[in-house]
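# Fold and contact review
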Amino acid sequence: MAGIYIHIPFCKKKCTYCDFHFSTTFESYRKEMIAALCNEIQMRSPAFFSGEPLTTIYFGGGTPSLLTPEELETILTAVHQNNSTETVEEITLEANPDDITEENLTGWKKAGINRLSIGLQSFREQDLQWMNRAHSVEEGESAIRKAQKFGFTNLTVDLMYGLPDLSQTEWKEHIYKLTDLNVPHISAYCLTVEPKTTLHHLVGTNKIHVPDEDTQAEQFELLIQTLREKGYEHYEISNFCLPGQYAKHNSNYWKNRKYLGIGPSAHSYDGENRFWNPANNTRYIQSVQSGKHTPEKEHLSPENRFNELLLTGLRTIWGVDLQQLSDTLPLTDAFRTEMEHFIQAGDLQLSGNTIRLTQQGKLKADYIASALFV
């Protein structure tokens, strides 16, 4: 179960909250970037996967939907030519609502895209404006309906909570809009204020006021309760789906499986090492063009692997296999004592040889994982 992630570092506009790597001025080197992505796929994927078949392909960014269907098809051709792709089940494209046109939907389907991740974020115009999003509320709803009309039944939509002045009633209405639209997968994220972003400046100058942690926690709990009532499974801290509609590519991350990252700033993982490309478009293109492209590399110690298994596994319904943990690093008395403390407190549950977060524990997932770190 291996996956390949392709980072498209282009955006129309800079969202106020975003700290990902991207550029809003890219037309002058667009062709060079597409060529570099294809070349990196050819250079790295055969050796990285060693014939292991791919199951997922994911276009992230940035805004991959800014590429033409033909450009996406060019990149996918490189993936197919250099990998075993007969078993690929899921090809995801992150798309902004304003890019979801009938022409693009037709082209995406022809290229082989079978899943869309729609960056909707909010159903309030005021939010979309301060976020500096390129779409309107009407375009967001329309995009979902268009995608479904064109046969994209495998959809996920991003929503954000913890937004300025967002009431509990408004938040619940946002959730209901997606369930009423029969969206099978929902990713919901709490607004975070990242350093060096426009949002960080706006908060620092009191132009925007972010809700306190208690309000954010209340909205998270309302999210869980509302989606449970609608038949959604809370299978990862930020992800919900109708029965069986898991995001296969992202599930590979959470299950500690191998993935290759292509493109500037993209990360890779082979089970023992992490790799990452330069977060600079010019440097990335030049590196690939030189034929000597070598990503940065970090060998993960047993302690690193142990902690990552905890951090990612505890976020999911699959939990953490204690045998897999102990195979990585023997479980200490201190670990077992801390684990028992969380079980007694009602934050963790032990089933067989697997520990999972309880409903209560999900409210402090990262804290619990860090307390169990070695």
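Look a little higher up for the structure.
This report concerns the structure included in the present document.

Rules and cut-offs
- Residues numbered from 1 in each chain as written.
- Predicted model: local features only at pLDDT ≥ 70, side-chain atom pairs only at ≥ 80, totals over all residues.
- Heavy atoms only, no water.
- Pairing = 2+ DSSP bridges.
- Helix = DSSP H or I, 4+ residues; strand = E, 2+ residues; numbered from the N terminus.
- Core = buried A, V, L, I, M, F, W, Y, C linked by side-chain atoms within 4.5 Å.
- Buried < 20%, exposed > 50% of the residue type's maximum accessible area, 1.4 Å probe, protein only.
- Contact = heavy atoms within 4.5 Å.
- Phe/Tyr/Trp six-rings, centres within 6.5 Å; stacked < 30°, edge-to-face > 60°.
- Lys NZ or Arg CZ within 6 Å of the ring centre and 35° of its normal.
- Expected span 1.5 Å × (residues − 1).
- 1 Å grid on protein atoms, 1.4 Å probe; cavity = no way out; pocket = protein on both sides within 12 Å on 5 of 7 lines; lining within 4 Å.
- Points joined across faces, edges and corners; volume = space filled by probe spheres on them.
- Nonpolar A, V, L, I, M, F, W, Y, C, P; charged D, E, K, R; others polar.
- Patch = residues over 30% accessible without salt bridge, like charges linked within 9 Å, V, L, I, M, F, W, Y side chains within 5 Å.
- Areas by Shrake-Rupley, 256 points an atom, 1.4 Å probe, with all protein chains shown as cover.
- Salt bridge = Lys/Arg side-chain N within 4 Å of Asp/Glu carboxyl O.
- Lys, Arg positive; Asp, Glu negative; His and termini not counted.
- Charge placed at Lys NZ, Arg CZ, Asp CG, Glu CD.
- Axes fitted to C-alpha atoms, helices over the stretch in contact; angles between N-to-C directions.
- Parallel < 35°, antiparallel > 145°, perpendicular 65-115°, else oblique.
- Left-handed = near helix turned anticlockwise from the far one by under 90°.

Here we come to the sheet that holds strand E13 (residues 320-321). Reading across the sheet, the three strands line up as E13-E15-E14 and stay open at both edges, with antiparallel pairing between neighbours. Looking along the sheet, the strands with just one partner apiece sit at the ends: E13 and strand E14 (348-351). As paired strands, E13 and strand E15 (residues 354-357) are joined by two bridges and run antiparallel to one another. Among the inter-strand pairings, Asp321 is bridged to a residue of E15, identified as Thr354.

Next up on the list: the nonpolar core. With 98 residues, the main nonpolar core has Ile6, Phe59, Ile75, Trp108, Leu116 and Leu314 as its most contacted residues. Sort the elements by how many residues they give to this core and helix H1 (residues 30-49) lands first, with eight residues. With near-sequence residues (within four places) excluded, Trp108 lies in contact with Ser65, Pro69, Leu72, Leu93, Ala95, Asp99, Ile100, Ile113, Leu116 and Phe152.

As a further point, take the packing of aromatic side chains. In total, this model carries 14 aromatic pairs according to the counting rule given. Seen in terms of ring centroids, Phe48 and Phe49 are 5.2 Å apart; in terms of plane orientation they differ by 85°. Their pairing is edge-to-face. Its relative accessible area of 13% is what places Phe48 among the buried residues. Ring-pair connections join several aromatic residues into one group, and the members of that group are Tyr235, Tyr246, Trp254 and Trp318. Stacked on the ring of Phe152, the Lys or Arg Lys109 has its end atom at 5.6 Å from the ring centre. The lysine or arginine in question, Lys258, covers the ring of Phe48, its NZ or CZ lying 5.9 Å from the ring centre.

It is worth spelling out H1 at this point. Taking 1.5 Å of rise per residue, 20 residues should cover 28 Å, and H1 covers 28 Å from first to last C-alpha, within 8% of that figure. Looking at H1, one finds that the buried residues are Arg30, Met33, Ile34, Ala36, Leu37, Cys38, Glu40, Ile41, Arg44, Ser45, Phe48 and Phe49. In the segment just after H1, Ser50 is the residue with positive phi, at about 50°.

With that out of the way, let us pick up the layout of surface pockets. Considered as a void within the structure, the second largest pocket measures approximately 540 Å³ in volume. Every residue lining the second largest pocket is counted, 18 residues in all, and those nearest its centre are Tyr161, Cys190, Phe220, Lys362 and Leu363. For the lining of the second largest pocket, the element with the most residues is helix H8 (residues 213-229), which contributes four residues. Residues of the lining of the second largest pocket, tallied by class, amount to 10 nonpolar, three polar and five charged.

Moving on: the side chain of Asp127. Within the element layout of this structure, Asp127 appears in helix H4 (residues 125-131). Discounting chain neighbours no more than four positions away, the residues touching Asp127 are Ser122, Leu163 and Pro164.

Attention now goes to a negative patch on the surface. Taken together, the side chains of Asp212, Glu213, Asp214, Glu218 and Glu221 define an acidic patch exposed on the protein surface. As for its position among the elements, Glu218 is in helix H8. By relative accessible area, which is 41% here, Glu218 ends up partly exposed.

Here we take up the packing of H1 against helix H10 (residues 281-289). The geometry of H1 relative to H10 is characterised by a closest axis approach of 9 Å and an angle of 50° between their N-to-C directions. Taken together, the axes of H1 and H10 are oblique relative to one another. Here H1 runs over H10; the crossing is left-handed. Note on element contacts: H10 touches H1 through Asn281, Tyr284, Ile285, Val288 and Gln289, opposite Glu32, Met33, Ala36, Leu37, Asn39, Glu40 and Met43. In the contact of H1 with H10, the residues fall into seven nonpolar, three polar and two charged.

This part is about the pattern of salt bridges. Side-chain pairs of opposite charge can arise whenever the charged atoms involved come near each other. Counted under the stated rule, the structure contains 16 salt bridges. Asp98 is the salt-bridge partner of Lys12, the closest N and O atoms lying 2.6 Å from each other. Taken as a pair, Lys12 in the loop between strand E1 (2-8) and H1 and Asp98 in the loop between strand E3 (90-95) and helix H3 (102-111) lie far apart in primary sequence, 86 residues in all. A relative accessible area of 43% means that Lys12 is categorised as partly exposed. We note a salt bridge from Arg145 to Glu141, for which the minimum N-O separation is 3.8 Å. One end of the pair, Arg145, and the other, Glu141, are both in helix H5 (residues 137-149), four residues apart, so they sit about a helical turn from each other.

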